[in-house]
Amino acid sequence: MRRPLRTYALVPAGAGLAVAAALVLAGLATDGGPGAPDGRAGTVVGTAAGARVMEPGSRPDAPVLAGDDLDGRAVSLAGLRGHVVVLNVWGSWCGPCRTEADGLERLSRRTRDDGVRFLGINTRDRDPAAARSFVRAHGLSFPSLPDPTGELLLRFPPALLNPQAVPATLVIDRRGRIAASIGGAVTEEQLRPVLAHVAEEES
């Protein structure tokens, strides 16, 4: 039986106090500020992690990501087209990454039946053994592409993914576009409503 993603309504800025208060209690607030790199207005969903969900018409395509994961298995972002994808940037040396890892794994398992897939980018780990140890320690079931030099991160618009800021999380919609950008460590509670919003969109 599919587990429905918990949903939250998005409302424009200036909505009633009761609705705004409910969003604050849920960890969300909304406004109609600039949500796209080209400056067009987008729907902005603010969380404690600084999440931003852009309107479909203003979303840039995600770059090509393909290669062997940490276990030597071929994986690509294009191969996940048709799914909502959580793209998480992490490093074994990163304290906040350790903080968020267990929650990301739980959410990965809980949302799989809803068509959500997770993909990691393991950045600046020169020793792959350290990265694999991190994966085992947190029981991560989703694949991660190694990026020891940070080259993969440079393929993304810097306004949406700062290569110096780790961890970071992007949500990719079913058409392969960057739908949401989250800087810093993220919790299940912060990420779930963002996924719910993107997952409910028509493909």
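In what follows, the structure referred to is the one given above.
Scoring rules and cut-offs
The numbering scheme is per chain: residues are counted from 1 as the chain's sequence reads. Local features in this predicted model are restricted to residues of pLDDT 70 or higher, and side-chain atom pairs are both shown and tallied only at a pLDDT of 80 or more, whereas totals for entire chains, interfaces and linings draw on every residue. Hydrogen atoms and water are omitted, and side-chain values are computed over all heavy atoms in the structure. Working definition: helices are DSSP H or I runs of at least four residues, strands are E runs of at least two. Numbering for both runs from the N terminus. In this analysis, two residues are considered to be in contact whenever any of their non-hydrogen atoms come within 4.5 Å of each other. Computed by Shrake-Rupley with a 1.4 Å probe, the accessible areas treat only the displayed protein chains as cover when residues are assessed. Two strands pair if DSSP finds at least two bridges between them. Structural elements are reduced to axes, namely lines fitted to C-alpha atoms, with helices fitted over the stretch in contact, and the angle between N-to-C directions of any two is expressed from 0 to 180 degrees. Residues belong to one nonpolar core when they are buried, are Ala, Val, Leu, Ile, Met, Phe, Trp, Tyr or Cys, and are joined through side-chain atoms within 4.5 Å. Think of it in three bands: with a 1.4 Å probe and only protein chains considered, a residue is buried below 20% of the maximum accessible area for its type, exposed above 50%, and partly exposed in between. Disulfides are defined as cysteine sulfur pairs within 2.5 Å. Helices are assigned an expected span. That span is 1.5 Å times one less than the residue count. One fitted axis covers the seven residues ending at a residue, a second covers the seven starting there, and the bend at that residue is the angle between these axes. By convention a crossover is right-handed if, when the strands point away from the viewer, the path from the first strand over the helix to the second runs clockwise.

Broken down by element type, the chain carries four helices and ten strands. Reading the secondary structure of the chain in the N-to-C direction produces α-β-β-β-β-β-β-α-β-α-β-β-β-α. Intrachain contacts of the chain at a sequence separation of at least 6 include 64% that bridge at least 24 residues. For the chain, the accessible surface area stands at approximately 9700 Å², while carbon and sulfur atoms represent 53% of it.

A word on the environment of Ala137. Looking at the secondary structure, you find Ala137 in helix H3 (residues 128-138). Measuring from C-alpha to C-alpha, the distance between Ala137 and Asp102 comes to 9.4 Å, with 35 residues separating the pair along the chain.

This part is about the sheet that holds strand S6 (residues 84-90). An order of S3-S10-S9-S6-S7-S8 is seen for the six strands of this open sheet, with the pairing classed as mixed. The sheet is open, and its two edges are formed by strand S3 (52-53) and strand S8 (144-147), each paired on a single side. Where helix H4 (residues 188-199) meets the sheet, its contacts fall on S3, S6, strand S7 (116-123), strand S9 (168-172) and strand S10 (178-183), and the angle it forms with S6 comes to roughly 145 degrees.

In this section: the nonpolar core. Core analysis: the biggest nonpolar cluster contains 50 residues, and Leu65, Ile121, Phe156, Val171, Ile178, Leu191 and Leu195 have the highest contact counts within it. Those elements that provide at least two residues to this core are S6, helix H2 (95-111), S7, H3, S9, S10 and H4. With six residues, the single largest contributor to this core is S6.

Quick look at the state of the cysteines now. A complete count under the given rule lists one disulfide for this structure. The disulfide bridge from Cys94 ends at Cys97, spanning 2.4 Å between sulfur atoms. The S-S bond linking Cys94 to Cys97 shows a torsion near 85 degrees; that makes this disulfide right-handed. Each member of the pair, Cys94 as well as Cys97, carries the same accessibility label: buried.

This brings us to unusual backbone geometry. Residue Pro167 is reached from Val166 by a cis peptide bond, and omega for that bond is 5 degrees. The topology assignment puts Pro167 in the loop between S8 and S9. A positive phi angle is found at Arg124, which is not glycine, with a value near 60 degrees. Turning to its location among the elements, Arg124 is positioned in the loop between S7 and H3.

Moving on, we come to H2. Helix length check: H2 (17 residues) gives 25 Å between terminal C-alpha atoms against 24 Å at 1.5 Å per residue, within 8%. Largest kink in H2: about 35 degrees, centred on Ala101. Taken together, the buried positions of H2 are occupied by Cys97, Glu100, Ala101, Gly103, Leu104, Glu105, Leu107, Ser108 and Thr111. Against the buried residues of H2 lie S6, S7, H3 and H4.

A few words now on the pairing of S8. Where S7 lies against S8, four bridges are found, and the strand directions are parallel. Following the sheet pairing, Ile121 is matched in S8 by Leu145. Running through H3, the crossover from S7 to the neighbouring parallel element S8 is right-handed.

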